[in-house]
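# Analysis of the macromolecular model
Listed here are the chains, written in short residue letters.
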Amino acid sequence: MERIKEAIAKAKEKKSGGLSEHTSTAKKAARNAEIVEGPIVYNQTRVVDLDMAHLEENRIITLDSEDPNSISFDILRTQVLAKMEANNWRTLAITSPTPACGKTVVAINLALSIAKQTDYTALLVDFDLRRPQVAAYLGLPKDNSFADFLDGKIEFNDVLINPGIPRFVVLPNRRPIKNSTEILTSRKVKAVVEDLRNRYEKRICIFDLPPLKATDDAIAFLPQVDCVLMVVASGETKPSDVKDCRRQLQSNNLLGVVLNKSQDVAKTYYY
């Protein structure tokens, strides 16, 4: 936990005199700001501090570069970014065959690992509208969720949060949303996805989606993203479920399958 605190503190020390994040009409200037190396100061996106103990309890480990298990996510990040860059892709969906595979934990850790790369920024979007968990895992404030934006109670920028980590922004949701399939394919959500995709040139947008066999939400939404990762649970996910889901994803750009919850003990090269 102390190593995570130190990692965030070092990044924050560089903020003074850094670049500003513009979300006004000067979109071109903002876009350039994100591709220049150096810290970003969030002027319009709300900034909150995370509870390091809460992150540790919820297996959010990527901030701690000395944690042997974080290396797995850094390797995954490198593989994902190489494939996405080669195809000029910027939007990635993460799903699983069934619940409890750990897809949300994988999505958060992967997004944080991408944010550590100075060439990119990462935006994590909680589009598991029936059972949103990103905000709970990160310990974000309970106000201003995506559902409030859909209801017209707040502006879109009021939903976005920077959790005190440079180059990382979250679009959280706090309560289940009815008619989620219809919402995810609505004009309003399509406009949001298009804006998120195009606002910054070097931003990677990661969408945490529901399990494929639990609802039709993911299949309905996938045409809006460039590619998808499927997370399976070691020793829990049935091979038949993986096969069925891969068949469902044939028309989409499936980057690969992530084996989660492995009991193997990670060892570093220098251990």
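Residues numbered from 1 in each chain as written. Predicted model: local features only at pLDDT ≥ 70, side-chain atom pairs only at ≥ 80, totals over all residues. Heavy atoms only, no water.

### With respect to the overall build of the chain
The line we're drawing: Helical segments are the DSSP runs of H or I of at least four residues, strand segments are the runs of E of at least two, and each set is numbered from the N terminus. Classification of residues uses two cut-offs on accessible area relative to the type maximum, computed with a 1.4 Å probe and protein chains only: under 20% is buried, over 50% is exposed, and between them is partly exposed. Residue contacts are defined here by distance: any two heavy atoms, one from each residue, within 4.5 Å place the two residues in contact. Only the protein chains shown count as covering a residue, and every accessible area follows the Shrake-Rupley method with a 1.4 Å probe.
Along the backbone of the chain there are eleven helices and ten strands. The 271 residues of the chain split such that 51% are buried. Pairs at least 24 residues apart make up 79% of the contacts formed inside the chain by residues separated by at least 6 positions. As presented, the chain carries roughly 13200 Å² of accessible surface, and 48% of it is formed by carbon and sulfur atoms.

### Brief notes about the side chain of Thr 95
Heads up, the condition is: We call two N or O atoms a polar contact when they sit within 3.5 Å, provided that within protein one can donate a hydrogen and the other can accept it, with sequence-adjacent residues counted only if both atoms are side-chain atoms.
Assignment of secondary structure puts Thr 95 in strand β4 (residues 91–95). At 2.7 Å, the side chain of Thr 95 forms a polar contact with the backbone oxygen of Pro 210.

### Re the environment of Pro 172
By the element assignment, Pro 172 lies in the loop between β7 (168–171) and α8 (180–184). As for Pro 172 and Leu 140, which are separated by 32 residues in sequence, their C-alpha atoms are 8.3 Å apart. Among residues more than four places away in sequence, those in contact with Pro 172 are Asp 126, Ala 135, Leu 140, Asn 144, Ser 145, Phe 146, Val 159 and Ile 161.

### Quick notes on the pairing of strand β8 (residues 203–208)
Regular strands place their side chains on alternate faces of the sheet. Stated precisely, the cut-off is as follows: Any two strands with at least two DSSP-identified bridges between them are counted as paired.
Among the six residues in β8, six count as buried, and that is most of the element. For β4 and β8, the ladder comprises four bridges, and the chain directions are parallel. Pairing of Leu 92 across the sheet is with Ile 206, part of β8. Pairing analysis gives six bridges linking strand β5 (residues 121–126) to β8, with the strands arranged parallel. Residue Val 125 lies in a different strand from β8, and its bridge partner there is Phe 207.

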